[in-house]
Each structure stands twice: as structure tokens, then as C-alpha cells.
Amino acid sequence: MPSDTSIAAVPNERSSTLATQSRWVVFAIACGGTFLVSLDSTIAIAAFPPLREAFPSSPASALTWVLNAYTIVYAALLIPFGRLADKVGARSVYLWGVAVFGLASLACGLAANTDILVMARVFQAVGGAMLTPASLTLILTAFPPEKRAAVVGLWSAVSALAAALGPGIGGLLIELGGWRLAFLINIPVAIALIMYGRRLVRVPGGDFAARLDLPGTLLIILALGALTYGIVSVETTGWLATPVIAGFASGSAAVLGYLFWARGRRDATIDLALFNDRVFAFATLAVLVFGVAFSMLFLGYFLFLIEIWQFGQAQTGLAVMPGPLTVIPVAILGGRLVGRIGHRPLLLTGAAGFTAAQVILYLTATETASFWAYWFPLQILGGISVGLLLPPLSGAAVAFLPATRFGVGGAVHNSVRQFGAVVGTAVTVLMVGQTDVNLETFRGLFVVLAGLGVLTGLLCLPINTRPRSALHPESDHDR
């Protein structure tokens, strides 16, 4: 694969943009990779029951590492690879990430035992962590500043849609060709992305003058990896078990160590000056909280339909699709509005709608299934709310970042969201993941979700990205 420096036809500035047609080609190829990674992360959930049947001699604790190994490695490496994309160029990092992900998917599909499968999932996570921040950088460098809010929102919506569609698509693939097909299906897509990406993606290269902060990178990997390990261990061991305490203790120590190391260093893997940007700081805090909420929403609804309404696996996958399918059109419309009114009105509306949906569920949910009259309208309300929250938060986070910080800024934001999702999954399993759950158990989940919706709205209040031209037309470019 060629290096980004071989692209002579592109001006040597990170902020340069492309012709309209080329921009959308870059967008499609970049979103192809993130769609693949997000889809695969939840397809693996659908593959878990067949894996237990395929490897009956493997204990359930070993099989959980098919999911947890991916989660831990992916969360730990997002930020370092985002920094690498800023330095050596997003195109190279993206294409190599797709290649690693595709080869690892082949290894997953051919795995003869759980040890090989878990190792292959680790390499899948490496590929996913490479291509995710690089894909965002590709999009940001391809589009002019006035278009970035809309396209970043759409990029985030595509990722959220893929994650939500994963169990449904995974169930279908498993019925057609077994659990191996759920991984092997990635290979032709990866090949197509590499072929078209090498030929059609033309964006500026990286900031080769920037130094790589090896000590800081290692501390970040240790911090995120250890904290994520501690959280995923809660699901099987409880909060006071040794693995949980060790994960939290070592992760917290690594965080403190990084803060000490990075203070005053402009070449740090995460320049702490990023958080001087008020919009970035609050958008990242808000996405942490909503990352918890979104993960709890998705898994909690899935379990509600299975445990309370007694839906089957495939039926449940279809029943949760209306909400995610609503996200894309809402994100497109929201992206058009952001340029006129900023992100905050959309974010507050989304938080209010999300909270309202949970309150309605708490007050009215029954053990009698009613899809069209009850569940479907709530799915649409939830989809609209997520579409007004998740994509705009991603757009707001990078709205005022310099071009040389697109990769690491987007990676920090997405890593925080991923960490929130890990927390949300662990909390949901503890609350409603047992065999003796009932309607009252799920009412408690809906209360927690409503509280997270309110907290997300409060954190969105300081996010002011309203264009100055809306108030002072004469100062449109005075930022």
C-alpha cells in the first residue's frame, strides 16, 4: 500500500479539500470501514450462543473473551492510532487497518478452537482501532470547514446504525451459514475497500514533523486497557473481586501517571490543551454519559423483548431495527440545521426526547406484547432522539479543533464513548442480565436511563457552536 506522501496531486496542507464528487467518494470508503467494524462488534453478540454449541468443551468464561478481548484492545488502542494517523497520514493507517481487520476476520472464521478465536479477535480489534480514527480524519480533511459538522454527524450515525443492526444481520447470517459466516462475510468487503481506497482516496498526508510520544502512548494503552478489563470483569465476578479492583487500581495509576507525564508537553499523545476547548471538553463528557445510556438502551431493550415479551432471537433483532433506521435521516436533517443554529438545540431536543421515551416505558410497560401500537412509536421516538444526540456530539467535539489534531481529537472522543459503552453493558448485565428478571427489574433500568438522559442534557448546555453569522452577519469569519 502506498504511503500518503506519494500523492502528489494534492496540495501539501492538512486543511485542503477536494472536489465535491471526490469528497463523497472518500466519505463512502471511510464509512465502509467504520460500518464494518461497528457491525462486527455486535454481530459477535449474536454469534455467542452458536459458539457455545460449537465448542461445548470450552467454559462460558473462556467464550466471554471472544467479546471482551476485542472490547479491551479496541478501547486501549483508539487514541494511539488516532495520533499515528495525524503523524503518518490517515490514508495509510486506514488501509492497513482494513487489511488487518480483514485478515483477522479470516482467522476468526477458520478458528479451530476458542484460543485461536480469541487471538484472532484481538487482531480484529487492532485493525478496528487503526481504521476508526483514520476514517474520521479522512472525512474531516476531505471536506471544507462549513461542511464538517454535517458529515461528521452522518459518519457517527452510520456507525451507530451498524452497531444496532448487528444482532439482526448476525442472526440472519448464522441461520444461513453458521457462526463462521458472521466473520467471513467481512473479507470481500475489506478487499473492496482496499482496492477502491488505494485508487480513489486522495487526501493530504500527515504531520511528519510531529514526534511520537512512546511513554505517553504506553501509559494510555495501560490506562484504558486496565480500566476496561476491570469493568468487563464485573459481569462475571462482581464489583469487589480481585480482577476488578486490580483493573481499576492499575488503570487509575496509569491515568495519573499520564497526566503527570503530559503536563506541558505539546508532543504528548493526547495534548491536554485539547480540553481547554470548552466545546470539546463538554461534548466528550456528554458522550461518556450517553455512551453508557446508549449501550444500556440497546442491550436492555433486547433483553426486555426476550425475557418479558418472550420474543425469539430473530424477532427481537427485527423489533429493535426501527429506531436505528430512523437515525440516518434524522442525522442528515440535523447536519443541515447545525450550520444555521449550532449543535446545542439539537442536543437538548434529543436529550429531552430520550428521557421522555424512558419515562413512558417506566409508566406504561406491561408484560403483554404490543408492537405496532406501543413499541414501534417508542422506537421511532428513541431513534429520533439518538439521531439528534449521538451524531451532533461527534460533530461538536471536533468543530473547533485544528486540522493536525483531527485524528487524536476524534479518537479521544470515540474512545470515551467506547469506554462508556463498556460501562453501560456491565451495568445492564448486572441489572437485568440474570435469569430471574421481571417487569419491575426493567422498570428500574428505565429509571436509570431517564436519569442518564437528563444528565446528558445538562452537559450539553455549555456546547455553543452557533455560527456567529446567525447573530452578527458581519463577523461570519471572525472566530
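Calculation criteria
The residue count restarts for each chain, going from 1 along the sequence in the order it is written. Only residues with pLDDT of at least 70 are given local features in this predicted model, and only at 80 or more are side-chain atom pairs given and counted; all residues enter the totals for whole chains, interfaces and linings. Side-chain measures were taken over the full set of non-hydrogen atoms in the model, leaving aside hydrogen atoms and water. Counting from the N terminus, the helices are the DSSP runs of H or I reaching at least four residues and the strands are the DSSP runs of E reaching at least two. When we talk radius of gyration, it's over C-alpha atoms, and the globule rule is simply 2.2 Å times the number of residues to the 0.38. Residue exposure (1.4 Å probe, protein chains only): buried if accessible area is under 20% of the type maximum, exposed if over 50%, otherwise partly exposed. Any two residues having at least one pair of non-hydrogen atoms within 4.5 Å are treated as being in contact. Residues enter patches when their relative accessible area tops 30% and they take part in no salt bridge; the joining distance is 9 Å for like charges and 5 Å for the nonpolar side chains Val, Leu, Ile, Met, Phe, Trp and Tyr. In these tables, accessible area is a Shrake-Rupley quantity obtained with a 1.4 Å probe, and a residue counts as shielded only by the protein chains included in the view. Salt bridge criterion: a side-chain nitrogen from Lys or Arg within 4 Å of a carboxyl oxygen from Asp or Glu. Between N-to-C directions, angles cover 0 to 180 degrees, with each direction set by a line fitted to C-alpha atoms, over the stretch in contact for helices. For classification purposes, an angle smaller than 35 degrees is called roughly parallel, one larger than 145 roughly antiparallel, one from 65 to 115 roughly perpendicular, and anything else oblique. By convention, the crossing between two helices is left-handed when the near helix turns anticlockwise from the far helix through less than a right angle, and right-handed when the turn is clockwise. Following the grouping adopted for this structure description, the nonpolar residues are Ala, Val, Leu, Ile, Met, Phe, Trp, Tyr, Cys and Pro, the charged ones are Asp, Glu, Lys and Arg, and the polar ones are all others, Gly among them. By nonpolar core we mean a set of buried residues, namely Ala, Val, Leu, Ile, Met, Phe, Trp, Tyr and Cys, connected to one another through side-chain atoms within 4.5 Å. Multiplying one less than the number of residues by 1.5 Å gives the expected span of a helix. We call two N or O atoms a polar contact when they sit within 3.5 Å, provided that within protein one can donate a hydrogen and the other can accept it, with sequence-adjacent residues counted only if both atoms are side-chain atoms. Pairing of aromatic rings covers Phe, Tyr and the six-membered ring of Trp, with a centre-to-centre limit of 6.5 Å; geometry is then stacked below 30 degrees between planes, edge-to-face above 60, and tilted otherwise. Working rule: Lys NZ or Arg CZ, within 6 Å of ring centre, within 35 degrees of ring normal, means a charge sits over the ring. One number per residue, pLDDT, summarises how confident the predictor is, and it ranges from 0 to 100.

Participant: Give a detailed account of the overall build of the protein, specifying residues and quantitative values.
Facilitator: The number of helices and strands found in the protein is 16 helices and 0 strands. Compactness check: the protein gives a C-alpha radius of gyration of 21 Å against a globular reference of 23 Å for 479 residues, within 12% of the reference. Structurally, the protein occupies a C-alpha span of about 60 × 55 × 45 Å along its principal axes. Burial statistics for the protein: of 479 residues in total, 58% are counted as buried. Residue pairs at least 24 apart in sequence account for 84% of intrachain contacts in the protein once pairs closer than 6 positions are excluded.

Participant: Explain a nonpolar patch on the surface residue by residue, including any values.
Facilitator: A cluster of nonpolar side chains, namely Ile-191, Met-195, Tyr-196 and Leu-200, defines an oily patch on the protein surface of about 390 Å² accessible area. Take Tyr-196: it is sitting in helix 7 (residues 186-200).

Participant: I'd like a rundown of the side chain of Ser-38, residues and numbers included.
Facilitator: Position of Ser-38 relative to the elements: it lies in helix 1 (residues 20-54). With relative accessibility at 11%, the residue Ser-38 sits in the buried group. Leaving out residues up to four positions away in the same chain, Ser-38 has contacts with Ser-159, Ala-162 and Ala-163.

Participant: Which residues make up the packing of helix 10 (residues 278-307) against helix 14 (residues 371-397), and what are the values?
Facilitator: Their axes nearest at 9 Å, the elements helix 10 and helix 14 cross at an angle of 155°. Accordingly, the angle class assigned to the pair helix 10 and helix 14 is roughly antiparallel. For the crossing formed where helix 10 meets helix 14, the hand is left-handed. Counting all contacts with helix 10, which are made through Val-279, Phe-280, Ala-283, Ala-286, Val-287, Phe-290, Phe-294, Leu-297, Tyr-301, Phe-304 and Leu-305, the residues of helix 14 involved are Trp-375, Gln-379, Val-386, Leu-389, Leu-390, Leu-393, Ala-396 and Ala-397. Residues that form the contact of helix 10 with helix 14 fall into these classes: 18 nonpolar, 1 polar and no charged.

Participant: Summarise the environment of Ala-450; cite the residues concerned and give the values.
Facilitator: Within the element layout of this structure, Ala-450 appears in helix 16 (residues 439-460). A sequence separation of 177 residues divides Ala-450 from Ala-273, and the C-alpha atoms of the two residues are 33 Å apart. Setting aside chain neighbours within four positions, we find Ala-450 in contact with Thr-355, Gln-358 and Val-359.

Participant: Lay out the nonpolar core with the relevant residues and their values.
Facilitator: Ranked by internal contacts, the top residues of the largest apolar core, which has 135 residues, are Tyr-94, Phe-304 and Phe-442. Examining the composition of this core, we find that 18 residues originate from one element, helix 10, more than from any other.

Participant: Give me helix 10: which residues, what numbers.
Facilitator: Taking 1.5 Å of rise per residue, the 30 residues of helix 10 would be expected to cover 44 Å, and the 43 Å separating its terminal C-alpha atoms lies within 8% of that figure. Between a side-chain oxygen at the N-terminus of helix 10 and the backbone nitrogen of Val-279 the separation is 3.0 Å; the capping residue is Asp-277.

Participant: So, unusual backbone geometry: which residues are in play, and what are the values?
Facilitator: Even without being a glycine, Gln-310 presents a positive backbone phi close to 60°. With respect to the helices, strands and loops of the structure, Gln-310 is situated in the loop between helix 10 and helix 11 (313-319).

Participant: Kindly report on the packing of helix 10 against helix 16, identifying the contributing residues and their values.
Facilitator: Here helix 10 crosses helix 16 at 160°, and the two axes come no closer than 9 Å. In this view, helix 10 runs roughly antiparallel relative to helix 16, as classed from their interaxial angle. As for how helix 10 packs across helix 16, the hand of that crossing is left-handed. When its residues are assigned to classes, the contact of helix 10 with helix 16 shows 22 nonpolar, 2 polar and 1 charged.

Participant: Lay out helix 12 (residues 322-341) with the relevant residues and their values.
Facilitator: Here helix 12 contains 20 residues, and its C-alpha end-to-end distance of 28 Å stays within 8% of the 28 Å for a straight helix at 1.5 Å per residue. Following helix 12 by one or two positions, Gly-342 has its phi on the positive side, about 85°.

Participant: So, the packing of aromatic side chains: which residues are in play, and what are the values?
Facilitator: Following the criterion strictly, the structure yields 22 aromatic pairs and no others. With a centroid separation of 5.1 Å and an interplanar angle of 80°, the aromatic rings of Trp-24 and Phe-143 are classed as edge-to-face. One end of the pair, Trp-24, is in helix 1; the other, Phe-143, is in the loop between helix 4 (114-142) and helix 5 (145-177), and 119 residues separate them in sequence. Residue class for Trp-24 comes out partly exposed when judged on its relative accessible area of 41%. Among the aromatic residues, ring-to-ring pairing joins Tyr-301, Phe-304, Trp-309, Phe-311, Tyr-374, Trp-375, Phe-442 and Phe-446 into one connected group. Of note, Arg-265 hangs over the ring of Trp-261, and the distance from its end group to the ring centre comes to 3.6 Å.

Participant: Kindly report on the environment of Thr-42, identifying the contributing residues and their values.
Facilitator: With respect to the helices, strands and loops of the structure, Thr-42 is situated in helix 1. We classify Thr-42 as buried; its relative accessible area is 9%. Residues Thr-42 and Thr-141, spaced 99 residues apart in sequence, show a C-alpha to C-alpha distance of 29 Å. Contact partners of Thr-42, with chain neighbours within four places excluded, come to Ala-162, Ala-163, Gly-166, Pro-167 and Phe-298.

Participant: Tell me about the environment of Phe-183, and name the residues and values.
Facilitator: Within the secondary structure, Phe-183 is located in helix 6 (residues 179-184). Sequence-wise, Phe-183 and Ser-105 are 78 residues apart; in three dimensions their C-alpha atoms are separated by 5.3 Å. Phe-183 has contacts with Asp-40, Ser-105, Cys-108, Gly-109, Leu-117, Arg-121 and Gln-124, leaving out every residue within four places of it along the chain.

Participant: Can you break down the side chain of His-343 residue by residue, with the values?
Facilitator: With respect to the secondary-structure elements, His-343 resides in the loop between helix 12 and helix 13 (344-364). For His-343, the side chain forms a polar contact with the main-chain nitrogen of Ala-396, separated by 3.4 Å. In this structure His-343 touches Ala-149, Val-338, Pro-392, Gly-395, Ala-396 and Thr-465, once residues within four positions along its chain are discounted.

Participant: Which residues make up the confidence of the model for the protein, and what values go with them?
Facilitator: When the pLDDT values of the protein are averaged, the result is 84; 90% of them are 70 or greater. Low pLDDT (under 50) marks residues 2-16, which in the prediction has 35 contacts with non-local residues, meaning those over four places away or in another chain. Across residues 469-479, confidence stays below pLDDT 50; counting only partners more than four residues off in sequence or on other chains, it has 11 contacts.

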